[in-house]
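So you can see what is in the structure, the chains are spelled out below.
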Amino acid sequence: MRRLPPQPPSDLTPDARAVYDAVVEGPRGTSMLDEGGELMGPFGAMLLSPPVGDALQRLGAAIRYRTKLGDRAREIAILVVAHAWDCAFERRVHEEIGRGLGLTEAQLDALRTGAPLELDDPEEAAVLRLTRALVSRADLDDEEYGALPASAVFELTTLVGYYATLALQLRVFRV
């Protein structure tokens, strides 16, 4: 059962409305709105604490739209986190994005189940291997660390932590 009460935009405090507007007017657009105009997924919970929620949604926007990781590599990493946390919302949203980027149903199934997956693109293969290591061991060995530039490892570890945070919040608030 959903733990958050409905939060129509007209009922929001000015600070919460500013977070709402930042999400809707940012790069995500209206994709995170339900038919009633409420924020879906983790974004509704972000309205509970506007200072933290705004920082978190800004971090998410930076991870999704301003990193050097390739789009497919990023979606692969997100789907690995969704599998590790058994997060249906993340899985549903990011499988759809992955399909749009050319991930096949077989690839999505392997990401959904944690099955072995061979990827031709070296960056995508490294991201898959490193993300699986991060979610299972919370660390990288020296060989894994060297598979990507340090800046990409920083972006990837931030992505993993961010999506793990969202998965936790989605679970706790029964979204």
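So, a few notes on the structure that sits alongside this text.

What counts and what doesn't
- Residues numbered from 1 in each chain as written.
- Predicted model: local features only at pLDDT ≥ 70, side-chain atom pairs only at ≥ 80, totals over all residues.
- Heavy atoms only, no water.
- Phe/Tyr/Trp six-rings, centres within 6.5 Å; stacked < 30°, edge-to-face > 60°.
- Buried < 20%, exposed > 50% of the residue type's maximum accessible area, 1.4 Å probe, protein only.
- Helix = DSSP H or I, 4+ residues; strand = E, 2+ residues; numbered from the N terminus.
- Arc of directions from axis to C-beta.
- Contact = heavy atoms within 4.5 Å.
- Salt bridge = Lys/Arg side-chain N within 4 Å of Asp/Glu carboxyl O.

Aromatic ring pairs: the centre-centre distance and the angle between the two ring planes describe each pair. Overall, the coordinates contain one aromatic pair when judged by the stated rule. Seen from their ring centres, Y162 and Y163 are 4.9 Å apart, and the 90 degrees between their planes marks the pair as edge-to-face. Y163 matches Y162 in its accessibility class, with the two residues each being buried.

Another point: helix α6 (residues 105-113). Within α6 the residues assigned to the buried category are Q107, L108, A110 and L111. Angularly, the buried residues of α6 cover 160 degrees about the axis, an arc narrow enough to put them on a single face. Those residues of α6 that are buried lie in contact with α4 (71-85), α5 (88-100) and α7 (122-137). G114 sits one or two residues past α6 and shows a positive phi near 85 degrees.

With that settled, the discussion passes to the pattern of salt bridges. Side-chain pairing between opposite charges can occur once the charged atoms of the two side chains come close. Applying the stated criterion across every chain, the model contains 14 salt bridges. We note a salt bridge from R64 to E75, for which the minimum N-O separation is 3.8 Å. Remark: E75 occurs in helix α4 and R64 occurs in helix α3 (residues 50-65); sequence separation between them is 11 residues. What makes E75 buried here is its relative accessible area of 0%. One salt bridge in this structure joins E144 and R137, with 2.4 Å as the shortest N-O distance.

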